[in-house]
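Examination of the molecular architecture
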Amino acid sequence: MSLSKNLVAFALLVFAVLSRFLPHLPNFTPVLAISIFAGVYFSNRWLAIALPLGIMLLSDLVIGLHDMIPVIYGLFVVYAIVGMKIKDRLGLGSLAIAGLAGSVSFFVITNFFVWLTSGMYTLNGQGLVECYIAAIPFFKYSLLGDFTYVSVLFGSYYLLEKNGFVASTQAA
């Protein structure tokens, strides 16, 4: 019996989204993985971009709105586009590079904007270094979360495809 590829893709994503609301380590979230996954498997580009933005907006409405929304949401759009770009050469290497590059870029860019806009650090080289050093504990959780969720989402979908539970074509 073959399940609808759309149903399988959305079920995997719903699982990941719900995990945002469960107790978790700081920055151990599925949204980067969801963004890449949607870019790879959703043939509708607008849906691939809208999904992580919708997830973030809904969860931010519950968790709390913040000044970093334009930066963070913009990064998730970029990660969905990265997924679109790697789908034709999808493999462990491309996923590892996309996930690691996503984690690193998120760390570098968001903390740069924290330094620039928060008022918590002096606007000089020392303040920038202090900001990045203070963020290192969060970065390790981001790396762990991104690795975990990329592995779970893509691994689960791959196994379902391989075992004939879902057709090996793009979803949505």
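Basis of the calculations
Along every chain, residues carry numbers that run from 1 in the direction the sequence is written. It should be noted that, the model being predicted, local features are given only for residues of pLDDT at least 70 and side-chain atom pairs only at 80 or more, the latter also being counted only at that level, while totals for whole chains, interfaces and linings use all residues. Note that the side-chain values use all heavy atoms of the structure and ignore hydrogens as well as water. UniProt positions are given in the numbering used here, feature names are shortened, and annotations may be inferred rather than shown by experiment. In this description a helix means any DSSP run of H or I spanning at least four residues, a strand means any run of E spanning at least two, and both kinds are numbered starting from the N terminus. Buried residues of nine kinds, namely Ala, Val, Leu, Ile, Met, Phe, Trp, Tyr and Cys, make up a nonpolar core once their side-chain atoms join them within 4.5 Å. The rule is simple: take the accessible area with a 1.4 Å probe, protein chains only, and divide by the maximum for that residue type; under 20% is buried, over 50% is exposed, in between is partly exposed. Patch definition: residues above 30% relative accessible area lacking any salt bridge, with like charges linked at up to 9 Å and the nonpolar side chains Val, Leu, Ile, Met, Phe, Trp and Tyr linked at up to 5 Å. Computed by Shrake-Rupley with a 1.4 Å probe, the accessible areas treat only the displayed protein chains as cover when residues are assessed. The term salt bridge refers to a side-chain nitrogen of Lys or Arg lying within 4 Å of a carboxyl oxygen of Asp or Glu. Two rings from Phe, Tyr or Trp (for Trp, the six-membered ring) form a pair when their centres sit within 6.5 Å of each other. Planes less than 30 degrees apart are called stacked, planes more than 60 degrees apart edge-to-face, and all others tilted. Nitrogen and oxygen atoms within 3.5 Å of one another constitute a polar contact, given that in protein one can donate a hydrogen and the other can accept it, and given that sequence-neighbouring residues count only through two side-chain atoms. Residue contacts are defined here by distance: any two heavy atoms, one from each residue, within 4.5 Å place the two residues in contact. The axes are straight lines fitted to the C-alpha atoms, using for helices just the contacting stretch, and the angles between their N-to-C directions are given from 0 to 180°. Comment on the angle field: the value is read as roughly parallel under 35 degrees, roughly antiparallel over 145, roughly perpendicular from 65 to 115, and oblique elsewhere. Working rule for handedness: look at the near helix, and if it is turned counterclockwise from the far one by less than a right angle, call the crossing left-handed; if clockwise, right-handed. Note on residue classes: Ala, Val, Leu, Ile, Met, Phe, Trp, Tyr, Cys and Pro are nonpolar, Asp, Glu, Lys and Arg are charged, and everything else, Gly too, is polar.

Here the UniProt feature "transmembrane region" (unreviewed entry) sits at residues 49-82, 94-118 and 138-160. As annotated, residues 94-118 has a helix share of 96% and a strand share of 0%, and its two end C-alpha atoms lie 34 Å apart. End C-alpha to end C-alpha, residues 138-160 measures 32 Å, and it is 100% helix and 0% strand.

Here we take up the nonpolar core. Of all hydrophobic cores here, the largest spans 40 residues; its most connected members are I34, I36, F37, F76, L153 and F154. Elements with a minimum of two residues in this core: α1 (5-18), α2 (31-41), α3 (45-63), α4 (69-86), α5 (92-117) and α6 (125-162).

Once that is clear, we can look at a nonpolar patch on the surface. A cluster of nonpolar side chains, L57, L58, L61 and L65, forms an exposed patch at the surface whose accessible area comes to about 430 Å². Within the secondary structure, L61 is located in helix α3. For L61, a relative accessible area of 56% gives the class exposed.

Tallying each qualifying case throughout the model produces 12 aromatic pairs. Ring geometry for F112 and W115: centres 5.4 Å apart, planes at 45°, overall tilted. Note that F112 and W115 are positioned in helix α5 at a spacing of three residues, about one turn of the helix. For F112, a relative accessible area of 30% gives the class partly exposed. What makes W115 buried here is its relative accessible area of 10%. An aromatic cluster is built from F37, Y41, F154 and Y157, whose rings are joined through pairwise contacts.

Before going further, it helps to examine α2. Burial analysis of α2 places 11 of its 11 residues in the buried class, which makes it a mostly covered element. For α2, the set of buried residues is V31, L32, A33, I34, S35, I36, F37, A38, G39, V40 and Y41.

Mapped onto the elements, S94 comes out in helix α5. A polar contact of 3.2 Å, which involves the side chain of S94, links it to the backbone oxygen of R89. In this structure S94 touches I86 and R89, once residues within four positions along its chain are discounted.

Attention now goes to the packing of α5 against α6. Running from N to C, α5 and α6 point in directions that differ by 150°, and their axes come no closer than 8 Å. If you check the angle between α5 and α6, you find them roughly antiparallel. The two elements α5 and α6 meet at a crossing, and its hand is right-handed. Of the residues in α6, those touching α5 at L95, L100, S103, V104, F107, V108, N111, F112, V114 and W115 are G127, L128, C131, Y132, A135, I136, F139, S142, L143, D146, V150 and F154. For the contact of α5 with α6, the class distribution of residues is 17 nonpolar, four polar and one charged.

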